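Read off the chains here:
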Amino acid sequence: MKKTIAAGLMMATCLSACASTYRITPIAAAGQKVRYEQGVPTTDKIRSNGSVKVTPVKVADNGRLVFAVAALNTSDRPSNFGVQNISVTDAAGGSIHVYDHDELVREAKNRATWAAVAAALAGAGAAVAANQNAYRTTNATMTAPGGRIYTYRARNYDPTAAAVGTAAAAAGTTAAMIGIRDALDKTLAGLHGQILQTTTIDPNTAWGGKVVADKLPGKGWPREVAVKIDWNGERFPFRFRVEKEK
């Protein structure tokens, strides 16, 4: 019995040590810049009806790509935003599946895949309000198969009317871009990894969450991946370089 346990521990240590690691870096296109926040690269796209920020989070152990996405509505009407607005393709233009919240929850409940998606499900089950006027924090717990308990906190940030109003009025100026980017940054910072669910974003309001896409097909590194977001009648294109570090 002791030999079996020792062998299992040695195998687990080997698998951990041999696990591949990856790096995802934004590729700036026209009108975009790559910025760094505490060493993490991010990029955004500002258009007339809204702005979108996409930050690469990681390549999960199962090869899936994880991004953090935030959207700010600068139009004069409410607009729904969710996974249905996001498409991911590889360098050859092949479609990469983007998982919605319900798919990830079903996987988590199917026992074997819990470890692979638990981190991405930090905000699963949290209620998403369609209209928010201030900070709101929700604390809750979730029990995984096997009895392990995970705790999470989700917080929604609504930029002040003055800050966003100033940004919208000064569209195209440096002050506008700083105000918009600040709103997107604070929105993602307050969500604590919550999986993106379809939400109605009111004018001058931001929302977002994590997005999980399937692993890239084929072999060979580095590779490129495109993330396209069609929202509010506009397209927000992003490109990323995925590199294998070990």
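Note that the coordinates shown come from a computational prediction; the quantities given were computed from them, not determined experimentally.

How each quantity is defined
- Residues numbered from 1 in each chain as written.
- Predicted model: local features only at pLDDT ≥ 70, side-chain atom pairs only at ≥ 80, totals over all residues.
- Heavy atoms only, no water.
- Helix = DSSP H or I, 4+ residues; strand = E, 2+ residues; numbered from the N terminus.
- Buried < 20%, exposed > 50% of the residue type's maximum accessible area, 1.4 Å probe, protein only.
- Areas by Shrake-Rupley, 256 points an atom, 1.4 Å probe, with all protein chains shown as cover.
- Phe/Tyr/Trp six-rings, centres within 6.5 Å; stacked < 30°, edge-to-face > 60°.
- Lys NZ or Arg CZ within 6 Å of the ring centre and 35° of its normal.
- Pairing = 2+ DSSP bridges.
- Polar contact = N/O pair within 3.5 Å; in protein donor to acceptor, adjacent residues only side chain to side chain.
- pLDDT = per-residue confidence, 0-100.
- Contact = heavy atoms within 4.5 Å.
- Core = buried A, V, L, I, M, F, W, Y, C linked by side-chain atoms within 4.5 Å.
- Salt bridge = Lys/Arg side-chain N within 4 Å of Asp/Glu carboxyl O.

Q: I'd love a proper account of the overall build of the protein chain, names of residues and values included.
A: If you tally the helices and strands in the protein chain, you get 5 helices and 15 strands. Out of the 246 residues belonging to the protein chain, those deemed buried represent 43%. Accessible area of the protein chain: about 12900 Å², with a carbon and sulfur share of 54%.

Q: Lay out the packing of aromatic side chains with the relevant residues and their values.
A: In total, this model carries 4 aromatic pairs according to the counting rule given. Measuring from ring centre to ring centre gives 5.0 Å for Phe-67 and Phe-240, while their planes differ by 50 degrees; the resulting arrangement is tilted. With Phe-67 in strand S5 (residues 65-73) and Phe-240 in strand S15 (residues 234-244), this residue pair connects regions lying 173 residues apart in the sequence. A residue is classified by how much of its surface remains accessible, and Phe-67, at 2% relative accessible area, is buried. According to the relative accessible area criterion, Phe-240 is buried, its value standing at 0%. Pairing Trp-231 with Phe-236 gives two aromatic rings, centres 6.4 Å apart and planes at 40 degrees, and the pair type is tilted. Here Arg-64 stacks its cationic end above the ring of Tyr-99, 4.0 Å away from the centre of that ring. In this structure, Arg-223 packs its charged tip against the face of Trp-221, placed 4.1 Å from the ring centre.

Q: Can you lay out the sheet that holds strand S1 (residues 22-27) for me, pointing to particular residues and giving the numbers?
A: Read across the open sheet, the 5 strands follow the order S1-S15-S14-S7-S8; overall the sheet is antiparallel. Among the strands making up the open sheet, the edge pair consists of S1 and strand S8 (95-96). As paired elements, strand S7 (residues 86-90) and S8 share 2 bridges and run antiparallel to each other. Looking at S8, one finds that Thr-89 is bridged to Ser-95.

Q: Requested: an account of the pairing of strand S13 (residues 205-213), with residues and values cited.
A: Regular strands have side chains that alternate between both faces of the sheet. Among the 9 residues in S13, 9 count as buried, and that is most of the element. For S5 and S13, the ladder comprises 9 bridges, and the chain directions are antiparallel. Within S13, the residue paired with Ala-68 across the bridge is Lys-210. Looking at chain direction, strand S9 (residues 98-99) and S13 are connected through 2 bridges and run antiparallel. Directly across from Tyr-99, in S13, lies its bridge partner Val-212.

Q: Give me the lowdown on the side chain of Lys-53, citing residues and values where you can.
A: Relative to the helices and strands, Lys-53 resides in strand S4 (residues 50-59). One polar contact links Lys-53 to Glu-37, side chain to side chain, over a distance of 3.2 Å.

Q: Would you mind going over the confidence of the model for the protein chain in detail, with residue names and values included?
A: For the protein chain, the average pLDDT comes to 74, and 63% of its residues sit at 70 or higher. Taken as a whole, residues 111-116 scores under 50 in pLDDT and shows 10 contacts with residues more than four places along the chain or in a different chain. Residue range residues 122-136 is modelled with pLDDT below 50. Its contacts to residues more than four positions away, or to other chains, number 37 contacts.

Q: Break down the sheet that holds S4 for me, citing the residues and quoting the values.
A: Spatially, 6 strands are ordered S2-S3-S4-S5-S13-S9 in an open sheet, and the strand pairing comes out antiparallel. Edge positions in the sheet fall to strand S2 (34-37) and S9, since each has one partner strand and no second.

Q: Tell me about the nonpolar core, and please be specific about residues and values.
A: Val-52, Phe-67 and Ile-229 are the most contacted members of the largest nonpolar core, which has 28 residues in total. Sorting the residues of this core by element identifies S4, S5, S7, S13, strand S14 (223-231) and S15 as the ones contributing at least two each. The residues contacting Phe-67, other than those within four sequence positions of it, are Ile-24, Val-54, Thr-55, Pro-56, Val-57, Gly-209, Lys-210, Val-211, Val-225, Val-227 and Phe-240. Formed by 6 residues, the second largest nonpolar core is a distinct cluster that contains Ala-70, Leu-72, Ile-180 and Ala-183.

Q: Explain the pattern of salt bridges to me, and be specific about the residues and the numbers.
A: According to the stated counting rule, one finds 9 salt bridges in the structure shown. Salt-bridge contacts for Asp-76 lead to Arg-77; the nearest nitrogen and oxygen are separated by 3.9 Å. In this structure, a network of salt bridges that share partners links the residues Arg-35, Glu-37, Asp-44 and Lys-53.

Q: An account of the environment of Tyr-36 is needed here, citing residue identities and associated values.
A: Residue position: Tyr-36 is located in strand S2. Counting along the chain gives 19 residues from Tyr-36 to Thr-55, while the straight-line C-alpha distance between them is 9.8 Å.

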